[in-house]
Amino acid sequence: MPSGSIISTRYDVLRLALEAQILQLQGDDSDVELELEVTEYVLEEVKHQGLTLDASKILDHGGSVTMKEAENHPFHSILKNALVELLGLEEHDSVLCTSEVLEVYAKLCKQQDGDQAEEQDPANTIQRQKKGALGECELCERCMMLTEHHLIPKTTHQELLRRGIFTKREMQTRISMLCRPCHSFIHAKIDEMALATTYNSLDTLLSRPDIYKWARYASKQRGRDPAHGVAHNLKNRR
Ligand SMILES: [Zn+2]
Ligand SMILES: [Zn+2]
């Protein structure tokens, strides 16, 4: 992860998508260091081969990548080598992993484009100020530029109000301040309705092995201020 909190390039997006998938390939006590090396190796290879991943093509197909498409994708041969040679995975698992990485990547690219459009909109000055605040991310506990995460995503409010699960006020005020990588990771892994109904607190989010593992990993990466790099509370969660 680069030291800044804003995911600036498509390579950073791809790195996040790769980490999201590779970190959970081997269960809880896998070799995180090795998995991150594999991520870097794959990124280097992608750069070296000058491979451009067109997210809009993936999204044109409804955001999903079939096994056949994944297998024939030039990205697959890079990822396959790394997964089979370095992590000892079976070849058919690498196809599944390729399709998942490409799907998460496309989703994150879409999100990134949305963020940029919002930032360039002069009407969004207040929003921008809110976003720009430096503070401790509630998930990884690094000192980073923070973004607002609605624990009950806005897109679900109407439906949940109809079902009478939360009050309007509750839904509007349940907010968590997260750094961009943590925020993106959560949205890449969990759909909005599941966030709203099941994973609507930091504790329930951290009860998921993938989120927990991510938070533990992210907490060790460099934030804006190295003095705040240690995650105290996270260690006591389990
Ligand atoms: Zn974070
Ligand atoms: Zn969010």
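Per an unreviewed UniProt entry, the protein carries the name HNH domain-containing protein and comes from Ceraceosorus guamensis.

Draft legend 1. A look at the nonpolar core. Membership of the largest hydrophobic core comes to 53 residues, with the highest contact counts inside it found for Ala17, Tyr105 and Cys182. It is helix α6 (residues 91–120) that provides the largest number of residues to this core, a total of 9 residues. Apart from residues lying up to four places away in sequence, tyrosine 105 is in contact with Val13, Leu14, Ala17, Leu53 and Ala55.

Draft legend 2. Broad picture of helix α10 (residues 180–189). The element α10 is extensively covered by neighbouring structure, given that 8 of its 10 residues are classed as buried. Within the sequence span of α10, burial applies to Arg180, Pro181, Cys182, His183, Ser184, Phe185, Ile186 and Ala188.

Draft legend 3. Highlighting the pairing of strand β2 (residues 143–150). As judged from the 3 bridges shared by strand β1 (residues 134–136) and β2, these two strands associate in the antiparallel manner. Opposite glycine 135, over in β2, you have methionine 144 as the bridge partner. What sits between β1 and β2 in their antiparallel hairpin is a turn of 6 residues, with glutamate 141 showing a positive phi close to 65°. Judged from the 5 bridges that link them, β2 and strand β3 (residues 175–179) form a sheet pairing that is antiparallel. Bridge pairing in β3 places glutamate 148 opposite methionine 177.

Draft legend 4. Expanded view of the packing of α10 against helix α13 (residues 209–219). Between α10 and α13, the shortest axis-to-axis distance is 11 Å and the interhelical angle comes to 160°. Taken as axis vectors, α10 and α13 run roughly antiparallel relative to one another. Note that α10 runs across α13; the crossing there is right-handed. Along its contact with α10, which presents Pro181, Cys182, Phe185, Ile186 and Lys189, the element α13 presents Asp210, Ile211, Trp214 and Ala218. A breakdown of the residues in the contact of α10 with α13 according to their chemical character gives 7 nonpolar, no polar and 2 charged.

Draft legend 5. Representation of the confidence of the model for the protein. Mean pLDDT over the protein: 81, with 81% of residues reaching 70 or higher. This stretch, residues 125–129, has a pLDDT under 50; its non-local contacts, to residues over four places away or in other chains, come to 2 contacts. Note on residues 225–233: pLDDT is under 50 here. Beyond four places in sequence and across chains, it has 13 contacts.

Calculation rules
- Residues numbered from 1 in each chain as written.
- Chains lettered and ligands numbered in written order.
- Predicted model: local features only at pLDDT ≥ 70, side-chain atom pairs only at ≥ 80, totals over all residues.
- Core = buried A, V, L, I, M, F, W, Y, C linked by C-beta atoms within 7 Å.
- Buried ≥ 20, exposed ≤ 12 C-beta atoms within 10 Å, placed from the backbone.
- Helix = DSSP H or I, 4+ residues; strand = E, 2+ residues; numbered from the N terminus.
- Contact = placed C-beta atoms within 7 Å.
- Pairing = 2+ DSSP bridges.
- Axes fitted to C-alpha atoms, helices over the stretch in contact; angles between N-to-C directions.
- Parallel < 35°, antiparallel > 145°, perpendicular 65-115°, else oblique.
- Left-handed = near helix turned anticlockwise from the far one by under 90°.
- Nonpolar A, V, L, I, M, F, W, Y, C, P; charged D, E, K, R; others polar.
- pLDDT = per-residue confidence, 0-100.

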